[in-house]
Amino acid sequence: MQLAFYIAGAVAVIATLLMLTRVNVVHALLYLIVSLLAVAVVFYTLGAPFVAALEVIVYAGAIMVLFVFVVMMLNLGEHGVELEKHWLTPGIWTGPVLLASILIIQVFYLVRGGTAGLATGVVEPKEVGIALFGPYLIGVELASILLLAGLVGAYHLGFRKAEKPEIQYGRYTAERRAAASGDPVLARTDQLARTP
Amino acid sequence: MLVRRNLIFVLMSLEVMLNAAGLAFVVAGARWHQADGQVVFLFILAMAGAEVAVGLALVRQIYARFRSLDADALSEMRG
Amino acid sequence: MIGFLWLIVALPFASALVLAVFGSRFSRSATAAVGVGSIGLSALITILVAVSFFSFPPSGNSYTQVLWTWINVAGFEPQIGFYLDALSLVMVLVVTFVGFLIHIYSAEFMIEDEGYSRFFAYMNLFVASMITLLLANNLLLLYLGWEGVGLCSYLLIGFWYRDPANGRAARKAFIVTRVGDTAMSLGLFLLFTQLGTLQIQDLMQRASEHWQTGSIYAVIAALLLLGGAVGKSAQLPLQVWLPDAMAGPTPTSALIHAATMVTAGVYLIARTHELFALAPAAQFAVTIVGAGTSLLAGFSALTQHDIKRVLAYSTVSQIGYMFLALGVGAWQAAIFHFMTHAFFKALLFLGAGVIINALHDEHSIFRMGGLRKELPVAFWTFLIAGCSLAGLPFITAGFFSKDLIIWAALSAERGHPGLWIAGMVGALLTSLYIFRVIFRVFFGPLATPVTKRPGYAMTVPLLVLAFLSIVGGYLKQPLLDFLRSVLPPTMEAPTGALTETHSETIAVLTVLIGIYFAYLFHLQKRSLAEAMVANPVGRTLHQWWFAGWGFDWIYDKAFVQPFTWAAEINKSDFIDGFYTGIARLSEFFYRALSETQTGRIRWYTFGVAAGSVVFIVVVLLS
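Only a predicted model underlies this, so the values are computations on that prediction, with no experimental measurement involved. (Residues numbered from 1 in each chain as written. Chains lettered and ligands numbered in written order. Predicted model: local features only at pLDDT ≥ 70, side-chain atom pairs only at ≥ 80, totals over all residues. Heavy atoms only, no water.)

(A) Highlighting the interface of chain C and chain B. Between chain C and chain B, the contact holds 10 residues from the first and 12 residues from the second. Approximately 960 Å² of surface area, both sides summed, lies buried where chain C meets chain B, with 58% of it carried by carbon and sulfur atoms. Inspection of the region where chain C meets chain B yields 0 salt bridges. At the surface where chain C touches chain B, the tally comes to 0 residue pairs in polar contact (both at pLDDT 80 or more). The element best represented in the side of chain C that touches chain B is helix 27 (residues 601-621) of chain C, accounting for 5 residues. (Contact = heavy atoms within 4.5 Å. Buried area = accessible area lost by both parts, 1.4 Å probe. Salt bridge = Lys/Arg side-chain N within 4 Å of Asp/Glu carboxyl O. Polar contact = N/O pair within 3.5 Å; in protein donor to acceptor, adjacent residues only side chain to side chain. Helix = DSSP H or I, 4+ residues; strand = E, 2+ residues; numbered from the N terminus.)

Spelled out as structure tokens, the structure:
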């Protein structure tokens, strides 16, 4: 059991790192899915089968699928890859890596000293359900309201209205910025995107 | 999230962070052998779903207006 | 009756206030009624007070009326108090009466001007300040009047403010007199710290008690007061402002710069004569200043072509005579000359105003001519005044007063033959320049046609003043006796063979010589005058005297240009730098902060991350 935990953890970390460094969006998405599945395995080894299942169904199954849908709809293609290569310079990693390492050191410092092992037992889905209907009832209701808000918002934002002057403005700004940025890749992408 | 300029990557990194937080909660719950960790993970999951839905709708709108997914292109509120 | 003394001051002040606040709403005749009427009432009350003074002479030959105590601080108690004695009575009579005539004249002269009520407000304020100066019983109140007349002089010179040249002339007058005023205030400080009071009578008494004759304090105090007098009366070295002050309206020039304000210096010295008697060095300085100025101004007057500038230099020269008289100790002669000079100089200016007005603002005597038939009243009155100025014997007042001074320059104990010769040369110059003007303006062919003739309001004052210019001389003995109660008689010294009659005869001869030469050069053979100017030596002298002996040029180079240079340099001085530095620092921070608002999400997220790192570190370490 412990071995499974470590292997799954390693897979998750490596998959996430790979995801971060891909230039192709779809590749990165796939790596993310792998990472999420690995995390599900970790949950199972920790004795939380309910959330393991939830992770797979909701997170990897619904949210990631949503991502894939949208990426496919955006249809970035070859020029997307070029853009990403253009943007992803080595020098850009320094600051965030520095910050992240400081944070990791802080986290390790905070959680030092705990020596409890794993395999302390499984928390049954039944227990989770009782907790949900008991003390966390309000949380459930609020989560449902949140989901409703998200639904309405996504519906409204997804609405592609007819050509409005604002869009014209946006197009002008983007066009000017893209052309004037001196960035040949960006300008080319912009130009390509405009041709229907 | 700080490194990538593509908005999709930004959202993906956001998902990773939420996942990590949820992982921490579940581990804590398993440590103390209580259901609370998993409950919180459930809530996080719900929130992540709503956020992804809205976020991706926004990404589509941005692409429609600005013709690019560059996070740095969305810098009109500056100065 | 004598208790109405304060009204002489209060009425013009009140009318100035009324005209200043409501003047724009009054009609022309209402403004004139208020402006002229207040001075008329003042003159009337002065006459009543004088009658009362003569019929019931108050004890000690002086009357004091204190209105209230002005300041009361640590033993320093100047009051608003009026002191009437022979000296101040004579001067107030002259000022109010001549002022009244000039106000009547200006009611018609300024009728077309849009600043009519403003003019009368300023003129009334001037008269009020002048009378305050004359009647003040302490030097601080005198200084108040002094400053008041300076202010009104500035306001009136720059009356037509739309022309910047008038503003410059006004500023020049104010600044130059300010130099004198500063000297005077230093004198006041010295007197107060040494003698503990500024009440004039007490001051004079304490001065003669505490200070020996020739004491250094007395000399310095007297010299400082002389500085003030020199500034206000336009004597050497501060005479440069008076010719330029002719930029103001002619009634102003007549009142302020001929008859009254410029004699304030004479009054000051006469008032503090005991102090000057204690400081022979200072009194000698007065003499030198007077003699030098009268000669300098006489030469300059000979070359001017603007009729008012000739009269301005003439004023400077005649006040030089008064200073000369004060310097040699002929106090009454100086005051007598002040009185006659007020009459004929005001008349000259008013006559010049009539001419200028009639010829539609023509000022140059070389463009005038033949006005004898066109403006007869102006001609005859101007002629009478000119003769009085030159000192034509027996029939003019100027003869009596000027010859008294010239004789005193020789015969007084502090007199000197050199001063007598200077006086004679001055007389020669005087008759030369004034008859030059008369022959050029009234005789010869008509150069500029007459477009306007004066009305009654302008001619009647001319006639009155002409009358006084003739008969004023006969007041000599009564006046001198009257003033003896205040001013000590001149100390005489033996003069050898020369008697007063001899001196008078020589003076008359010089006057006649002057008239003859003026006739020769400016009427009979005008080409001679042009030849004299064309000659290189003549031309240099002419230009030098025309520019007032170069004083303007010297002051410009020595004071004005360095000052303006320093002001230019100081425009961005270090104090300014401090404040602009603060502004620039704020701007720098603003721009720096503005740079952090890039609008880019990644940048803001970076900020959040860095902030949380810092926060956690702080929490961990504390």
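(B) Representation of the interface of chain B and chain A. Facing 54 residues of chain B, the contacting portion of chain A comprises 72 residues. For the chain B face of the interface with chain A, the top three residues by lost area are B:Val3, B:Gln38 and B:Arg67, together amounting to 12%. Scanning the region where chain B abuts chain A turns up 0 salt bridges. Viewed at the interface, chain A and chain B are joined by 4 residue pairs in polar contact (both at pLDDT 80 or more).

(C) Inspection of helix 20 (residues 456-471) of chain C at higher detail. All names here are of chain C. Taking 1.5 Å of rise per residue, 16 residues should cover 22 Å, and helix 20 covers 22 Å from first to last C-alpha, within 8% of that figure. Looking only at helix 20, the buried set comprises Met 458, Thr 459, Pro 461, Leu 462, Leu 465, Ala 466, Leu 468 and Ser 469. The inward-facing, buried residues of helix 20 abut helix 3 (86-109), helix 15 (331-358), helix 17 (376-390) and helix 18 (397-411). (Expected span 1.5 Å × (residues − 1). Buried < 20%, exposed > 50% of the residue type's maximum accessible area, 1.4 Å probe, protein only.)

(D) Structural view of the side chain of C:Ser62. Relative to the helices and strands, C:Ser62 is located in strand 1 (residues 62-69). Apart from the residues lying within four places of it in its own chain, the contact partners of C:Ser62 are C:Tyr83, C:Leu84 and C:Asp85.

(E) Focus on the nonpolar core. Residue and element names in this part refer to chain C. Among the nonpolar cores identified, the biggest contains 202 residues, and Leu 142, Leu 275, Ile 307, Phe 323 and Phe 435 are the most heavily contacted of them. The greatest single-element share of this core, amounting to 20 residues, is contributed by helix 15. Not counting chain neighbours up to four residues away, the residues in contact with Ile 307 comprise Ala 352, Ile 355, Ile 356, His 363, Ile 365, Met 368, Phe 382, Val 437 and Val 441. (Core = buried A, V, L, I, M, F, W, Y, C linked by side-chain atoms within 4.5 Å.)

(F) Quick peek at the layout of surface pockets. All names here are of chain C. Here the second largest pocket defines a volume of roughly 620 Å³. Surrounding the second largest pocket, 15 residues form its lining, Lys 172, Ile 175, Val 176, Tyr 555 and Val 560 being those nearest its centre. The leading source of residues in the lining of the second largest pocket is helix 25 (residues 551-569), at 7 residues. Among the residues making up the lining of the second largest pocket, the classes are represented as 9 nonpolar, 1 polar and 5 charged. (1 Å grid on protein atoms, 1.4 Å probe; cavity = no way out; pocket = protein on both sides within 12 Å on 5 of 7 lines; lining within 4 Å. Points joined across faces, edges and corners; volume = space filled by probe spheres on them. Nonpolar A, V, L, I, M, F, W, Y, C, P; charged D, E, K, R; others polar.)

(G) Broad picture of the environment of A:Ala38. All names here are of chain A. Its location among the elements puts Ala 38 in helix 2 (residues 25-45). Among the residues examined, Ala 38 registers a relative accessible area of 7% and is labelled buried. C-alpha of Ala 38 to C-alpha of Ala 10: the two residues are 28 residues apart in sequence and 8.6 Å apart in space. If sequence neighbours within four positions are ignored, Ala 38 has contacts with Ala 8, Val 11 and Ala 12.

(H) Seen up close, the pattern of salt bridges. Residues and elements named next belong to chain C. As enumerated under the stated definition, the model contains 11 salt bridges over all chains in all. In this structure, the salt-bridge partner of Glu 147 is Arg 178, at a minimum N-O distance of 3.0 Å. Of the two residues, Glu 147 sits in helix 5 (residues 139-157) while Arg 178 sits in helix 6 (residues 164-195), which places them 31 residues apart along the sequence. Across the pair Lys 172 and Asp 244 runs a salt bridge, and its minimum N-O distance is 2.4 Å. You can see Lys 172 sitting in helix 6 and its partner Asp 244 sitting in helix 9 (residues 241-244), a full 72 residues away along the chain. Under the relative-accessibility criterion, Lys 172 is labelled partly exposed at 23%. Through salt bridges that share partners, Lys 172, Asp 244, Arg 309 and Asp 552 make up one connected network.

(I) Quick look at the packing of helix 7 (residues 137-157) of chain A against helix 2 (residues 36-66) of chain B. Direction vectors running N to C along helix 7 of chain A and helix 2 of chain B enclose 10 degrees, while the axes themselves pass 9 Å from each other. With respect to each other, helix 7 of chain A and helix 2 of chain B are oriented roughly parallel. Seen from helix 7 of chain A, the contacting residues are A:Gly139, A:Val140, A:Ala143, A:Leu146, A:Leu147, A:Gly150, A:Ala154 and A:Leu157; seen from helix 2 of chain B, they are B:Phe43, B:Ala46, B:Met47, B:Ala50, B:Ala53, B:Val54, B:Ala57, B:Leu58 and B:Gln61. Tallied by class, residues from the contact of helix 7 of chain A with helix 2 of chain B come to 14 nonpolar, 3 polar and no charged. (Axes fitted to C-alpha atoms, helices over the stretch in contact; angles between N-to-C directions. Parallel < 35°, antiparallel > 145°, perpendicular 65-115°, else oblique.)

(J) Quick look at the pairing of strand 2 (residues 79-85) of chain C. All names here are of chain C. In terms of burial, strand 2 is a largely internal element, 7 of the 7 residues being buried. With burial as the criterion, each face of strand 2 is covered, one bearing Gln 79, Gly 81, Tyr 83 and Asp 85 and the other bearing Ile 80, Phe 82 and Leu 84. Pairing analysis gives 7 bridges linking strand 1 to strand 2, with the strands arranged antiparallel. Bridge pairing links Val 66 to Gly 81 in strand 2. (Pairing = 2+ DSSP bridges.)

(K) Local environment of the packing of aromatic side chains. Scanning the model with the defined rule gives 33 aromatic pairs over all chains in all. Between the aromatic rings of A:Phe5 and A:Tyr6, the centroid separation amounts to 5.3 Å while the plane-to-plane angle is 70 degrees, which identifies the pairing as edge-to-face. On the basis of an interplanar angle of 70 degrees and a centroid distance of 4.7 Å, the ring pair of C:Phe76 and C:Phe192 is categorised as edge-to-face. With C:Phe76 in the loop between strand 1 and strand 2 and C:Phe192 in helix 6, this residue pair connects regions lying 116 residues apart in the sequence. Since its relative accessible area comes to 25%, C:Phe192 is described here as partly exposed. Through a chain of ring-to-ring contacts, the aromatic side chains of C:Phe379, C:Trp380, C:Phe382, C:Phe435, C:Phe439, C:Phe442, C:Phe443 and C:Tyr519 assemble into a single cluster. Here B:Arg31 stacks its cationic end above the ring of B:Trp32, 4.3 Å away from the centre of that ring. (Phe/Tyr/Trp six-rings, centres within 6.5 Å; stacked < 30°, edge-to-face > 60°. Lys NZ or Arg CZ within 6 Å of the ring centre and 35° of its normal.)

(L) Highlighting unusual backbone geometry. Cis geometry is found at the peptide bond from C:Leu236 to C:Pro237, where omega equals -10 degrees. Positive phi values are uncommon outside glycine, yet B:His33 reaches one of about 55 degrees. Relative to the helices and strands, B:His33 is located in the loop between helix 1 (7-31) and helix 2. With a phi close to 55 degrees, C:His360 is a non-glycine residue in the positive phi region. Tracing the chain through its elements places C:His360 in the loop between helix 15 and helix 16 (371-374).

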